[in-house]
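Here's the letter readout for the chains.
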Amino acid sequence: MPIAPCAIRITVFICRMTYDTIIIGGGIIGCSTAFYLSRAGQKVLLLEQDKIATGTTGNSFAWANASVKTTDRAYHNLNAAGVKGYNALQSEFGNETLGINPTGALEVVSKSDADGYKAMQAQARALTTFGYANRWISNAELRQLEPEMTFPDDAEALLSPDDLLINAPHFTRFMVDQMIAKGGTLLENCAATELLATDEGDVTGLITTQGSFHADNIILATGQDTATTLATLTGYDGFATRFPLNKVPGLILTTPPLPTTPPLRHMYYSAPKNELHILPEFNGGLKIASDDIDGMIIDNQTPEHLRKTGQLLLERAYTVLPQLTGTINIDECKLGIGVRPYPTDGKTIIGPMPDAKGLHIIATHSGITLAPVLGQLMAEAITTGTYPETLAPFALTRFSGFA
Ligand SMILES: Cc1cc2nc3c(=O)[nH]c(=O)nc-3n(C[C@H](O)[C@H](O)[C@H](O)COP(=O)(O)OP(=O)(O)OC[C@H]3O[C@@H](n4cnc5c(N)ncnc54)[C@H](O)[C@@H]3O)c2cc1C
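Cut-offs used in this document
Residues numbered from 1 in each chain as written. Predicted model: local features only at pLDDT ≥ 70, side-chain atom pairs only at ≥ 80, totals over all residues. Helix = DSSP H or I, 4+ residues; strand = E, 2+ residues; numbered from the N terminus. Buried ≥ 20, exposed ≤ 12 C-beta atoms within 10 Å, placed from the backbone. Domains from an automatic or database assignment. Near = placed C-beta within 6 Å. Nonpolar A, V, L, I, M, F, W, Y, C, P; charged D, E, K, R; others polar. Pairing = 2+ DSSP bridges. Axes fitted to C-alpha atoms, helices over the stretch in contact; angles between N-to-C directions. Contact = placed C-beta atoms within 7 Å.

(A) Layout of the environment of Asp331. As for its position among the elements, Asp331 is in the loop between helix 10 (303-320) and strand 19 (334-343). Overall, Asp331 belongs to the exposed group, with 8 C-beta atoms counted inside 10 Å. Each C-alpha atom, one on Asp331 and one on Asp154, is 35 Å from the other, the two residues being 177 residues apart in sequence.

Here it is as structure tokens:
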């Protein structure tokens, strides 16, 4: 439901410092937006209640892709623009500086899995129609591309060469460093606690645990905490339950560095049976995840259960990398739980908060892929005062109660 003006607490307060824009949330979304806004000449304040990149961004698989987003054209295009946004940054700063490994992705399926095979061929056709680079890979070529992996004799693959692996915490810190170099301010261990607004609902500033600050534009980039933060900031508890965002936890296992070069060259994804994601991690080890194994940690996140679940991930990885069987000690692996901020219709939320002029929201899954494009487009919206047309399908107003 829209914020009625009366739903925002009206507070008379002498603001300490004035900024053009305040961003709440130091994950990849908030930091990328801070980068593009400061680049556009804005005086930016970025607030993070903890340390930057310690939220979902620090526990993400971090595969930047548009290759698995084919059901909705606008959402595909947004993700493809995210990948292109990285490409522009790569040309400017280089992969190492940004923390990018341009491996491309291999999505592997067995012909005997008739439904899965058909679905992946349809996915390849859709990618071609959408203009996203892809190539169908035979069993023989698959073995050449990944000589150290083991595949069934009837396995084939879809190669998406433009997909990227991102060292998300590193990239996020780089974005912030650039913002600071442009005169922006980062406050860590600083939580936003109350929104300041006129009685017409125009945002004027923010109260935080480190004082109050003035700005005519405030961006909420608080990921999985969006609903509760909105409720806290506005004093309207209804947002905590009505904001259209689900929280979906996932387990990411990161092995210690392997004694030899990681035995895979691409991001590997097998679907849909024995679903498994593996990528060569930036530390010289492997990062392993699986959507169906994620389901096992929803209700139980005790260390013992996580250890058992992590062991399952390792065993699944050994089916394609049997030479590693028994060589990785689960107790030396990092078992990170990340919580996906998942809008209820699966697509991004980016746009103005209805009836609260100057308050803007970004909440999305696939935020690693989307950070460059969402940051850039939000900066354009703020600096021009008009949201780009491409963002129209992603406005919060598409949800009933927020129109
Ligand atoms: C297991 C898993 C796998 C994933 N895999 C991929 C993938 O392969 N590719 C991809 O593109 N995406 C992936 N994602 C999704 C992606 O990681 C997220 O969409 C992205 O990290 C969200 O970033 P964010 O900046 O919105 O949120 P966060 O990183 O959570 O940042 C939000 C920040 O806001 C801060 N905050 C909250 N409230 C306040 C407040 N009141 N005041 C100040 N600060 C506050 C929090 O402390 C937090 O640091 C995955 C996610 C998970 C969990």
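Further notes follow.
(B) Fine view of the domain arrangement of the protein chain. In terms of domains, the protein chain is made up of domain 1 (5-58 + 168-244 + 344-398) and domain 2 (102-162 + 248-340). Computed over C-alpha atoms, the centres of domain 1 and domain 2 are 33 Å apart.

(C) Quick look at the site of the ligand. In the neighbourhood of the ligand, 42 residues make up the surrounding shell, with Gly27, Gly55, Gly223, Gly250 and Gly367 lying closest. Every element with two or more residues in the shell around the ligand is listed here: helix 1 (28-39), strand 4 (63-64), strand 15 (245-254), strand 19 and helix 11 (367-384). With 4 residues, strand 19 is the single largest residue contributor to the shell around the ligand. For the shell around the ligand, the per-class residue count stands at 16 nonpolar, 22 polar and 4 charged. When we break the shell around the ligand down by domain, the ones giving at least three residues each are domain 1 (5-58 + 168-244 + 344-398) and domain 2 (102-162 + 248-340).

(D) Inspection of the sheet that holds strand 8 (residues 155-160) at higher detail. A sheet is described by the order of its strands in space; here 8 strands give the open sequence 7-8-6-16-17-18-15-19, paired in mixed fashion. At either end of the open sheet lies a strand with only one pairing partner, and these are strand 7 (135-137) and strand 19. Averaged over neighbouring strand pairs, the angle between their axes works out to 25° when direction is ignored. Pairing between strand 7 and strand 8: 3 bridges, direction antiparallel. Paired with Arg135 across the two strands is Leu159, which belongs to strand 8. Each of strand 6 (105-110), strand 7 and strand 8 touches helix 4 (residues 114-130); the most contacted strand, strand 6, lies at about 145° to it. On the sheet, helix 10 packs against strand 15, strand 16 (267-270), strand 17 (276-280), strand 18 (286-289) and strand 19 and is oriented at approximately 65° with respect to strand 15.

(E) How the structure looks around unusual backbone geometry. In this structure, Asn189 takes a positive phi of about 50° despite not being glycine. For Asn189, the location among the structural elements is in the loop between strand 10 (185-187) and strand 11 (192-197). For Asn189, a count of 11 C-beta atoms within 10 Å corresponds to the exposed category. One non-glycine residue, Asp355, lies in positive phi territory at about 65°. If you trace the backbone, Asp355 turns up in the loop between strand 20 (349-352) and strand 21 (359-363). Classification of Asp355 as partly exposed rests on a count of 16 C-beta atoms within 10 Å.

(F) Local environment of the pairing of strand 13 (residues 211-214). In this structure, strand 1 (residues 17-18) lies alongside strand 13, joined through 2 bridges in parallel fashion. Within the sheet, the bridge partner assigned to Met17 lies in strand 13 and is Phe213. Across 4 bridges, the pairing between strand 12 (residues 203-208) and strand 13 is antiparallel. Across the sheet, residue Thr208 finds its bridge partner in strand 13, namely Gly211. Adjacent in sequence and paired antiparallel, strand 12 and strand 13 are bridged by 2 residues.

(G) Summary view of the pairing of strand 16. Burial along strand 16 is two-sided: Met267 and Tyr269 facing one way and Tyr268 and Ser270 facing the other are all buried. Across 4 bridges, strand 6 lies against strand 16 in parallel orientation. Pairing of Val108 across the sheet is with Ser270, part of strand 16. Relative to strand 17, strand 16 runs antiparallel, the two being bridged by 3 bridges. Within strand 17, the residue paired with Ser270 across the bridge is Leu276.

(H) Just the sheet that holds strand 14 (residues 217-220), in detail. One open sheet holds the 6 strands; their spatial order is 10-3-2-14-21-20, and the pairing between them is mixed. The strands lining the two open edges of the sheet, one partner per strand, are strand 10 and strand 20. When strand polarity is set aside, the average angle formed by the axes of neighbouring strands in this sheet is 15°. Pairing geometry for strand 14 and strand 21, over 3 bridges, is parallel. The residue bridging Ile218 from the neighbouring strand is Leu359, located in strand 21. Seen against the sheet, helix 1 touches strand 2 (21-24), strand 3 (44-47), strand 14 and strand 21 and runs at an angle of roughly 170° to strand 3.

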